[in-house]
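Letter by letter, the chains look like this.
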Amino acid sequence: MGLVDPDGAPSRRAGPQERSAEPRGALRLPGEGRLPHAARALATPVVLVLILLGPVMAGLAFQVARERQNEDHRDHLEDLLAVQASELRAGLRSSVETLHAVRSFFDCSVQVTRDEFARYTQDARTRHPTIHAVEWIPRVTSAKREAHERAVVDNGAADYVIRELGTGGELVPVSGRDVYHPVCYVEPLAGNRRAVGFDVGSERLRRTALEQAQTSGEAVLTEPLTLVQEPDGPHSVLGFLAVFDRDADGEGAAPAVRGFVLIVSRIPDLVCAVGLDACGDGDSDVELRLVDPDVDGEAVSLFATGGWGAAAEGPLHLRDQEIRVAGQTWFLQGQPSAAYLDARRDYQPFVVGLAALLLWGCLCGFLLLLGKRSRDRETRSQARFIRSVLQS
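Because the structure is a prediction, the values reported are computed rather than measured.

Draft legend 1. Quick look at the pairing of strand β10 (residues 236-245). Across the ten residues that make up β10, a large majority, nine, are buried. Direction of pairing for strand β9 (residues 220-221) relative to β10: antiparallel, over a ladder of two bridges. Bridge pairing in β10 places Val-220 opposite Phe-240. Both β10 and strand β11 (residues 256-266) contribute to a ladder of ten bridges, which runs antiparallel. Counterpart to Leu-241 in the pairing with β11 is Val-261.

Draft legend 2. Region of interest: helix α5 (residues 204-216). Its 13 residues place the ends of α5 18 Å apart at the C-alpha level, agreeing with the 18 Å of an ideal helix rising 1.5 Å per residue. When we look at burial in α5, the residues that qualify are Leu-205, Arg-206, Ala-209, Leu-210 and Ala-213. For α5, the buried positions fall inside an angular range of 130 degrees around the axis, keeping them on one side. As for α5, its buried residues are in contact with β9, β10 and β11. A positive phi of about 75 degrees marks Gly-217, the residue just after α5.

Draft legend 3. View of a positive patch on the surface. Residues Arg-373, Arg-377, Arg-380, Arg-384 and Arg-387 make up a contiguous surface patch of positive charge. By the secondary structure assignment, Arg-377 is in helix α9 (residues 348-391). A relative accessible area of 48% places Arg-377 in the partly exposed class.

Draft legend 4. Up close: the pattern of salt bridges. Under the definition given, this model contains nine salt bridges. Among the salt bridges present, the one from Arg-145 reaches Glu-149, with a minimum N-O distance of 3.3 Å. With Arg-145 and Glu-149 both in helix α4 (residues 145-154) and four residues apart, this pair spans about one turn of that helix. Like Arg-145, the residue Glu-149 is buried in the burial classification. As a salt-bridge pair, Glu-322 and Arg-324 come within 3.0 Å of each other at their nearest N and O atoms. Residue classification places Glu-322 among the partly exposed positions, given a relative accessible area of 35%.

Draft legend 5. Quick look at the sheet that holds strand β15 (residues 328-336). Pairing in this open sheet of four strands is antiparallel, and the strands run β13-β12-β15-β14 from one edge to the other. Because the sheet does not close on itself, it has two edges, and the strands there are β13 (298-304) and β14 (321-325). Averaged over neighbouring strand pairs, the angle between their axes works out to 30 degrees when direction is ignored. Both β14 and β15 contribute to a ladder of five bridges, which runs antiparallel. By the bridge assignment for β15, Arg-324 is matched with Thr-329.

Draft legend 6. Up close: the nonpolar core. Core analysis: the biggest nonpolar cluster contains 69 residues, and Phe-106, Phe-240, Leu-290 and Ile-323 have the highest contact counts within it. By residue number, the principal contributor to this core is helix α2 (residues 34-107), which donates ten residues.

Draft legend 7. Structural view of the environment of Phe-331. Mapped onto the elements, Phe-331 comes out in strand β15. Considering only alpha carbons, one finds Phe-331 and Leu-302, 29 residues apart in sequence, at a separation of 9.9 Å. Those residues in contact with Phe-331 that lie beyond four places of it in its chain are Arg-289, Leu-290, Val-291, Pro-293, Asp-320, Gln-321 and Glu-322.

Rules and cut-offs
Residues numbered from 1 in each chain as written. Predicted model: local features only at pLDDT ≥ 70, side-chain atom pairs only at ≥ 80, totals over all residues. Heavy atoms only, no water. Buried < 20%, exposed > 50% of the residue type's maximum accessible area, 1.4 Å probe, protein only. Helix = DSSP H or I, 4+ residues; strand = E, 2+ residues; numbered from the N terminus. Pairing = 2+ DSSP bridges. Expected span 1.5 Å × (residues − 1). Arc of directions from axis to C-beta. Contact = heavy atoms within 4.5 Å. Patch = residues over 30% accessible without salt bridge, like charges linked within 9 Å, V, L, I, M, F, W, Y side chains within 5 Å. Areas by Shrake-Rupley, 256 points an atom, 1.4 Å probe, with all protein chains shown as cover. Salt bridge = Lys/Arg side-chain N within 4 Å of Asp/Glu carboxyl O. Lys, Arg positive; Asp, Glu negative; His and termini not counted. Charge placed at Lys NZ, Arg CZ, Asp CG, Glu CD. Axes fitted to C-alpha atoms, helices over the stretch in contact; angles between N-to-C directions. Core = buried A, V, L, I, M, F, W, Y, C linked by side-chain atoms within 4.5 Å.

Below is the structure:
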């Protein structure tokens, strides 16, 4: 006889498989089911991911701290480099202004003697120690060459003759050409005597600047070159400024060129005039290098302080500072000195990275603790449910 449930419907007896799948007296506890089991299955991978993210977060914190530190150092060094470039630019412009003063002296004189030239330029050389020499370069036509040489000899230069560089670097009497531009006066004479009589128009770099000065009427600097009086010396630069004959005939006629005033500056003197730090004589924060970007199509290093290249620049790449004066463009480059890097070598980025790792570890520990408390509450809830069922 079949069983009938309270509603009157026949009741089916559980089969053997059903009875073995759910033991007699089995109870379904609160929170027990497929979803909680899935969550517990995912808990271990999530914890592992959180733990592995710790070193990643620490590395990111280290990188951010180091970049911020490098930016502070870079700003400081670039400010120093900008100051050095500004002072070098001002020094060059001040030296170039000396050319205008000397030209005014010639404009006010029909004839300037050697002694007058020496007395006038002495003050300029005293006030501008970066000027190695001041010279007067008259324009001499081939027809007046002999008369010019004779007049200079009569004025006290016994061995004066217009000369040019020979193939071996020696000075030889100049070959025939239409116009000559010899060094007639040079102050100081000591150390520069070999330049007397040298035709600056016989050499390409000097001739290019001379022609530009004549055409523009403005001061023009040469490309870096070696001085005739210092063939083994450092890079130097010449500044030309044309002196015109203001009494040219004919209204509107272009004034004739009487000659050129010239200043000579050795580039190490120019750079060292910026200060002892630029010469590498002090504990400078920045090492310097002066570069001409285009000398016959190539970049040429004009000067570098003693520590240039000794310290790896690394991430502290400094922007080049442009120096544009009298037709020439140079770039002042800088890099942190070894002394600067040693003095500012600290462990702040490492401390920040370690702190980030510790904080991440604390966060993971807190999350694990919350998970454990949640599981404990679930266990206690199940225990209370079992007790309530057994007591009923």
